[in-house]
Structure formats: C-alpha cells, structure tokens
Amino acid sequence: MNIVEEVLAGSKRALARAITAVENEYDEAAEIMQKLYPHTGKAHVIGITGPPGAGKSTLTDKLAKEYRRQGKTVGIIAVDPTSPFSGGAILGDRIRMNELTLDEGVFIRSMGTRGSLGGLSRKTAEAAKIMDAYGKDIIFIETVGVGQSEVDVIKAADTTVVVLVPGLGDDIQAIKAGILEIADVFAINKADREGVERLNTEIEMMLELNQDMVDWRPPVKRTVASKGEGIAELIGAIEDHISHLQQSGQLAVRRTERTKNELLALLDEQIGRYVLKHVTTGGKFDALVTSVEKREQDPYTVVAELLRQILR
C-alpha cells in the first residue's frame, strides 16, 4: 500500500510520515493532500489559544482525556515557537502530555511556527486535515501563545477556546484586540488564584460591549487544569457551541470561509514560488532593485510592471 492507503487504513506510522512530508514540502506532499482531501470534513477542530503561561498544554491534556473517556479519538497539534536564530524549536508541549502518548486513540504532533506570525505554522491546517482523513473525531490545535496577535487559529478551528489566567497584571490586555472577537468559549484557568473574580467580571464587561454577538454569547468557564477541576463544565460549553454551530448553519458558513482562506493562501504561496523561480533570478531583477534603491524608479511602478508581465 502507498502512504495514502496506509493513512486511510489507520496506520499511525503512515500518519506521522504524511504530516512530515507536508510539513517539509517533500515532492509527494501535494499528491498526498489531493488524495486525502475527499476524506476530510468529519472531525471537529478545537483551537486552544491564549497568552504564555496560561496552562494551555495542561488544559488540552485534560480535555483530551475527557473526550477519550467518552470514547472519541483525539488528534493534538501543539505549535511551539521557532528560534529566529537556529530555526529550531524545543517542541516541549509533548512533555506535559506524556500520559497521552501511551493511548492508542490519541495522536500528538508538535510543530514549529517556522517564522509564521499569528500563532500557527503555515502547515498546521494541512496536518489537521491529514488527522481528519485518518479518522480522528476531535482535533485540538494548541497555539504558540504569542499574545494579542494570535488570531490565525480562527481560520483553522471550528470552536476556539481562549484560555486566560488571573494575576497577569493588566488582565484586560489579554482579552482586547483580536482575542476577544475570536473566542467561542472563555476558560479562566488556574482559577484557584487570587483575582479570578475580577478577571471574570472584566470578560463579562467586554462581552457586553461587543455588539456583534447576537446568536452566541461566549460562556466563561473556570478551570484548575492541574487538578482536573472544571474540565467537564468546559467540555459541556464546547459541546453546546458545536450543537449551536450545527443547528444554526454556522458550521457550514465557517467551513466555507475556511475553504476560501485556504484557496487564497495556496494561490499566494504558488504565486510567490513562481515569482521566486522566474522573476527574481538573473540580472534583470537585480537591476530593478538597484534602480529603485537609487530612486530612479519607485517600487510600486516596478511591481505593477512585473505583475503585468507575469499575467500577460
């Protein structure tokens, strides 16, 4: 059997190899995704995001165990920051989920961001699709924890859980900007700390100010992941959101938007590769760079001309 047939037959080794091929852009990567794509669309993807130190990994671990107790299979993609100097990543989230590695119904994959902003690797969504085709019921995407700019997860997840903790100083910083808008469920983790009531109140006040929330108001749940407290309640809130998406038709709307974003991202990537291969090589492009640097031409006119030549 080839790698695609092995993935569909339930080979965990083939699943790992397929994700590696896509992540590293091996020659067979595009063919793997083309053949697996018709088998996707069944799993529910849950994004876990929030500031560093919020306990996202521990919470993901406990949520995965609860879903396993319900008899569902789970995939976990844990994204870690990549060093801008060495290009490496520690991929340490798996250490916190050590017990899950022994569970045959769980597959954990760590990925580096590889320079991508927004908290996700460019290949995260494709890895989720491979796990979906493999047959996972629930797929968690745990983002890198970079703060307010970490909103890419909404493009990959059906349900987004924003994890916050009391006592980070100006708590409101964690829930403003894009983070508030992407949350379907709020989890206040480490809720045994001082300041939990204040943070809860601030979240509720921010939600009151958001006029866009008409049919779904994100619930705020308290957890102490290290002790396993509040996990069942958080799962209940996630399941309520899944039911809401299905009954309101919003799940189809979100997935249509995701497909649109995927197509645009692929177009952007392919056009970028074409430009690198056919435009930037040779002395002509270097001459254009020099002319722009000398202010003999402006970059906007040069790019417009290059595009005209490419699309001709």
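Preceding this paragraph is the structure being described.
First, a word on what this report is: a plain description of the structure on this page. (Residues numbered from 1 in each chain as written. Predicted model: local features only at pLDDT ≥ 70, side-chain atom pairs only at ≥ 80, totals over all residues. Heavy atoms only, no water.)

1. Thoughts on the overall build of the protein chain
Which entries qualify depends on this criterion: Helix numbering and strand numbering both begin at the N terminus, where a helix is a DSSP run of H or I of at least 4 residues and a strand a DSSP run of E of at least 2. Summary of the burial criterion: residues with accessible area below 20% of their type's maximum are buried, those above 50% are exposed, and those between are partly exposed, where the area comes from a 1.4 Å probe applied to protein chains only. Residue contacts are counted whenever heavy atoms from the two residues lie within 4.5 Å of one another. Computed by Shrake-Rupley with a 1.4 Å probe, the accessible areas treat only the displayed protein chains as cover when residues are assessed.
When its secondary structure is counted, the protein chain shows twelve helices and seven strands. Going through the 312 residues of the protein chain one by one, you find that 46% of them count as buried. Long-range contacts, defined here as pairs at least 24 residues apart, represent 75% of the contacts in the protein chain between residues at least 6 apart. On the protein chain, roughly 16200 Å² of surface is accessible, and the fraction owed to carbon and sulfur atoms is 54%.

2. Comments concerning the pattern of salt bridges
Stated formally: A carboxyl oxygen of Asp or Glu within 4 Å of a side-chain nitrogen of Lys or Arg is what we treat as a salt bridge.
By the definition in use, this model includes 24 salt bridges. Here K62 ties to D61 by a salt bridge, and the two come within 3.8 Å at their closest N and O atoms. For D61, a relative accessible area of 3% translates into the label buried. Taken together, the shared-partner salt bridges connect E25, K123, E126, E269 and R273 into one network.

3. Points about the sheet that holds strand 2 (residues 74-80)
Formally: In short, DSSP must find at least two bridges between two strands for them to pair. To obtain an axis, a line is fitted to C-alpha atoms, over the contacting stretch when the element is a helix, and the angle between two such axes runs from 0 to 180 degrees between their N-to-C directions.
In spatial order, the strands read 3-2-4-1-5-6-7; together these seven strands make up an open sheet with parallel pairing. Looking along the sheet, the strands with just one partner apiece sit at the ends: strand 3 (106-112) and strand 7 (220-222). Between one strand axis and the next, the sheet turns through 20° on average, direction left out of account. Strand direction decides the pairing type here: strand 2 and strand 4 (residues 138-142), joined by five bridges, are parallel. From the neighbouring strand, I77 faces strand 4, where its bridge partner is I141.

4. Focus on a nonpolar patch on the surface
To keep it simple, the criterion reads: Candidate patch residues must exceed 30% relative accessible area and have no salt bridge, after which like charges are joined if within 9 Å and Val, Leu, Ile, Met, Phe, Trp or Tyr side chains if within 5 Å.
The grouping of L264, L267 and I271 at the surface amounts to a nonpolar patch, some 290 Å² of accessible area in total. Looking at the secondary structure, you find L264 in helix 10 (residues 250-278).

5. Quick notes on unusual backbone geometry
The phi dihedral of E25 falls on the positive side, at around 55°, and the residue is not glycine. For E25, the location among the structural elements is in the loop between helix 2 (12-23) and helix 3 (29-36). The phi angle at R295 is positive, at roughly 65°, despite the residue not being glycine. Inspection of the secondary structure puts R295 in the loop between helix 11 (283-293) and helix 12 (299-310).

6. Considerations on the nonpolar core
Note the following rule: Nonpolar cores are built from buried Ala, Val, Leu, Ile, Met, Phe, Trp, Tyr and Cys residues. Side-chain atoms within 4.5 Å join them into one set.
Counting 44 residues, the largest nonpolar core has I77, I130, F186 and I203 as the members making the most contacts within it. The contacts of I77, once residues within four sequence positions are left out, are R109, M111, T124, A127, A128, M131, I139, F140, I141 and E142. Grouped together as the second largest cluster of nonpolar side chains are 26 residues, L63, Y67, L100 and F140 included.

7. A look at the packing of helix 11 against helix 12
Heads up, the condition is: Roughly parallel means an angle under 35 degrees; roughly antiparallel means over 145; roughly perpendicular covers 65 to 115; every other angle is labelled oblique. Handedness of a helix crossing follows the sense of rotation of the near helix relative to the far helix, less than a right angle counterclockwise being left-handed and clockwise being right-handed. Side-chain classes follow a simple rule in which Ala, Val, Leu, Ile, Met, Phe, Trp, Tyr, Cys and Pro form the nonpolar group, Asp, Glu, Lys and Arg form the charged group, and the remainder, Gly included, forms the polar group.
One way to put it is that helix 11 packs onto helix 12 with a least axis distance of 10 Å and a crossing angle of 155°. Here helix 11 is positioned roughly antiparallel relative to helix 12, judged by the angle of their axes. The crossing of helix 11 and helix 12 is right-handed. Judged by residue contacts, K284, F285, L288 and V292 of helix 11 engage P299, V302, L306 and Q309 from helix 12. For the contact of helix 11 with helix 12, the residue count by class is six nonpolar, one polar and one charged.

8. Things to note about the packing of helix 2 against helix 3
In contact at an axis separation of 8 Å, helix 2 and helix 3 are set at 125° when each is read in the N-to-C sense. Classified by the angle their axes make, helix 2 and helix 3 are oblique. The handedness of the crossing between helix 2 and helix 3 is left-handed. Contacts between helix 2 and helix 3 pair A18, A21 and V22 from the former with A29, I32 and M33 from the latter.

9. Focus: the packing of aromatic side chains
Which entries qualify depends on this criterion: Note on ring pairs: Phe, Tyr and Trp rings are taken, using the six-membered ring of Trp, and paired if centres are within 6.5 Å. Classes follow the plane angle, with under 30 degrees stacked, over 60 edge-to-face and the rest tilted.
On inspection of all chains with the given rule, the structure shows one aromatic pair. An angle of 55° between the planes, with centres 6.1 Å apart, marks the rings of Y67 and F140 as tilted. Taken together, the residues span a long stretch of sequence, with Y67 in helix 4 (residues 56-69) and F140 in strand 4 at a distance of 73 residues. We classify F140 as buried; its relative accessible area is 0%.

10. Notes on helix 8 (residues 196-209)
Condition: Multiply 1.5 Å by the residue count of a helix minus one, and that product is the helix's expected span. Each direction from the helix axis to a C-beta atom contributes to the arc, which is the arc of those directions.
Between its terminal C-alpha atoms helix 8 stretches 20 Å, which fits the 20 Å expected from 14 residues at 1.5 Å a residue. When we look at burial in helix 8, the residues that qualify are V196, L199, N200, E202, I203, M206 and L207. Down the axis of helix 8, the buried set is contained in an arc of 160°. They therefore lie on one face. Summarising the geometry of helix 8, the exposed residues directed more than 90 degrees from the buried face are M205, E208 and L209.

11. Observations concerning the side chain of E66
As for its placement among the helices and strands, E66 is situated in helix 4. Aside from chain neighbours lying at most four places away, what touches E66 is I231 and I235.

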